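# Coordinate analysis (summary)
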Amino acid sequence: MTDWGSHLSTMRAQAPLVLNITNFVAMNVMANVLLAAGASPAMAHAEEEIAEITALSGALTINFGTADAAWMRGIFKAVETARDNAIPWVFDPVAVAVSRLRRDTAARLLDMGPAVVRGNASEILALAGRGVGGKGVDATDGVAEAEAAARALAAQTGAVVAVTGPVDFVTDGTRGWHVSNGHPLMPLVTALGCSLTGIVGAFVSGADDRAAATTAALAYYGLAGERAGDGARGPGSFQVAFLDALAAVTPDDLAAGARVAAA
Ligand SMILES: Nc1ncnc2c1ncn2[C@@H]1O[C@H](COP(=O)(O)OP(=O)(O)O)[C@@H](O)[C@H]1O
Ligand SMILES: Cc1ncsc1CCOP(=O)(O)O
Ligand SMILES: [Mg+2]
């Protein structure tokens, strides 16, 4: 049986620096989530400095949620630097269907070798040219509807593809897993998907098996969500409890509490 908890202990032992080009909504939430988990977050996006910071990082994550053309230039520079230095990078195609800028940027990024693509079902379907892309940043499709698109995207790009929702799906194009951990309050707190992308970055930094590391990251995040949801009175108290739970979950807790099945 897979010890999903070992991925958490490896991540915490390494405490990787995770550089995130992310949106204005997510920056603070995501930095706190990464710190609570045991990683070191950095947020930057300026074209003039992003190559230097990328080269120092253990992983890079890309999210164009509030990006303009200048940010996009920073994104490409960071990804090129990551590629040149064999630094894994994770692409979050947030609300990819809402504009030409996002669709065109996503198409170019998918050709640049992401280690992982993490999005909700509507975003993954949109990358495959299917569906309407959800409602802004929110999914309107079920994860099961996006599984074939995820497998095809993984085969096309060589990336691990993670589709999140009530039950997550992860595939490397050959293998697949369902992750049932999570809590219904999670989609009611903004930027928890964006922040999960950072956690995936932390787990894949230095990992030999990126698909397994991604699956472990999703189980860890969902398990923390379950614990936080237990005592929460609503999205506000959940958000505070979620940070505490991310810090409190141990590798043994994850080994015992991960609800992962081969798919
Ligand atoms: N209805 C739900 N029940 C349990 N967990 C959920 C639910 N919806 C989302 N999650 C969890 O919330 C996290 C963020 O996923 P998601 O909401 O799909 O991302 P995004 O915010 O990018 O749309 C993931 O860990 C996912 O498993
Ligand atoms: C609301 C919003 N608008 C642009 S980015 C963003 C945050 C989206 O966060 P998530 O995808 O984690 O729900
Ligand atoms: Mg999202």
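Residues numbered from 1 in each chain as written. Chains lettered and ligands numbered in written order. Predicted model: local features only at pLDDT ≥ 70, side-chain atom pairs only at ≥ 80, totals over all residues. Heavy atoms only, no water.

Naming follows an unreviewed UniProt entry, where the chain appears as Hydroxyethylthiazole kinase of Rhodovulum marinum. What the UniProt record of the chain gives under Catalytic activity (unreviewed entry) is the line "5-(2-hydroxyethyl)-4-methylthiazole + ATP = 4-methyl-5-(2-phosphooxyethyl)-thiazole + ADP + H(+)". (UniProt positions renumbered as here; feature names shortened; annotations may be inferred.)

### A word on the overall build of the chain
Within the chain, the secondary structure is distributed over 11 helices and nine strands. Oriented by its inertia axes, the alpha-carbon framework of the chain measures out at about 45 × 40 × 35 Å. Out of the 263 residues in the chain, the part that is buried amounts to 53%. In the chain, once contacts between residues fewer than 6 apart in sequence are set aside, the share between residues at least 24 apart is 70%. In the structure as shown, the chain presents an accessible area of about 10,400 Å², 53% of it carried by carbon and sulfur atoms. Taking the average place of the 17 positive charges on the side chains of the chain and the average place of its 25 negative ones, the gap between the two points comes to 5 Å. (Helix = DSSP H or I, 4+ residues; strand = E, 2+ residues; numbered from the N terminus. Buried < 20%, exposed > 50% of the residue type's maximum accessible area, 1.4 Å probe, protein only. Contact = heavy atoms within 4.5 Å. Areas by Shrake-Rupley, 256 points an atom, 1.4 Å probe, with all protein chains shown as cover. Lys, Arg positive; Asp, Glu negative; His and termini not counted. Charge placed at Lys NZ, Arg CZ, Asp CG, Glu CD.)

### Structural notes on the site of ligand 2
Taken together, Asn23, Val25, Gly65, Val137, Thr190, Ala191, Leu192, Gly193 and Cys194 make up the full set of residues near ligand 2. Within the backbone of Leu192, one N or O atom sits 3.4 Å away from an oxygen atom of ligand 2. Within the backbone of Gly193, an N or O atom sits 2.9 Å from an oxygen atom of ligand 2. Relative to its free-state accessible area of 380 Å², ligand 2 is covered by the protein chains to the extent of 78%. The class makeup of the residues in the shell around ligand 2 is five nonpolar, four polar and no charged. (Near = heavy atom within 4 Å. Polar contact = N/O pair within 3.5 Å; in protein donor to acceptor, adjacent residues only side chain to side chain. Nonpolar A, V, L, I, M, F, W, Y, C, P; charged D, E, K, R; others polar.)

### Some details on the site of ligand 1
Around ligand 1 sit 15 residues, and of these Arg118, Asn120, Thr164, Gly165 and Asp168 come closest. In the complex, the protein chains occlude 84% of the 540 Å² of accessible area that ligand 1 would expose alone. Elements with a minimum of two residues in the shell around ligand 1: β5 (116-120) and α8 (192-204). Of the residues assigned to the shell around ligand 1, the class counts are seven nonpolar, six polar and two charged.

### Here's the deal with the UniProt feature "binding site: ATP" (unreviewed entry) in the chain
The sites that UniProt annotates as "binding site: ATP" (unreviewed entry) are Arg118 and Thr164. Across 47 residues in sequence, these annotated residues keep their C-alpha atoms within 7.4 Å of one another, forming a single compact spot. One can find Arg118 in strand β5. Residue contacts for Arg118: discarding those within four places in its chain leaves Val90, Phe91, Asp92, Pro93, Ala162, Thr164, Gly193, Cys194, Leu196, Thr197 and Val200. Of the polar contacts made by the side chain of Arg118, one reaches the side chain of Asp92; its length is 2.9 Å. Mapped onto the elements, Thr164 comes out in strand β6 (residues 160-164). Each residue touching Thr164, except ones within four places of it in the same chain, is listed here: Arg118, Gly119, Asn120, Ala121, Val143, Leu196 and Leu218.

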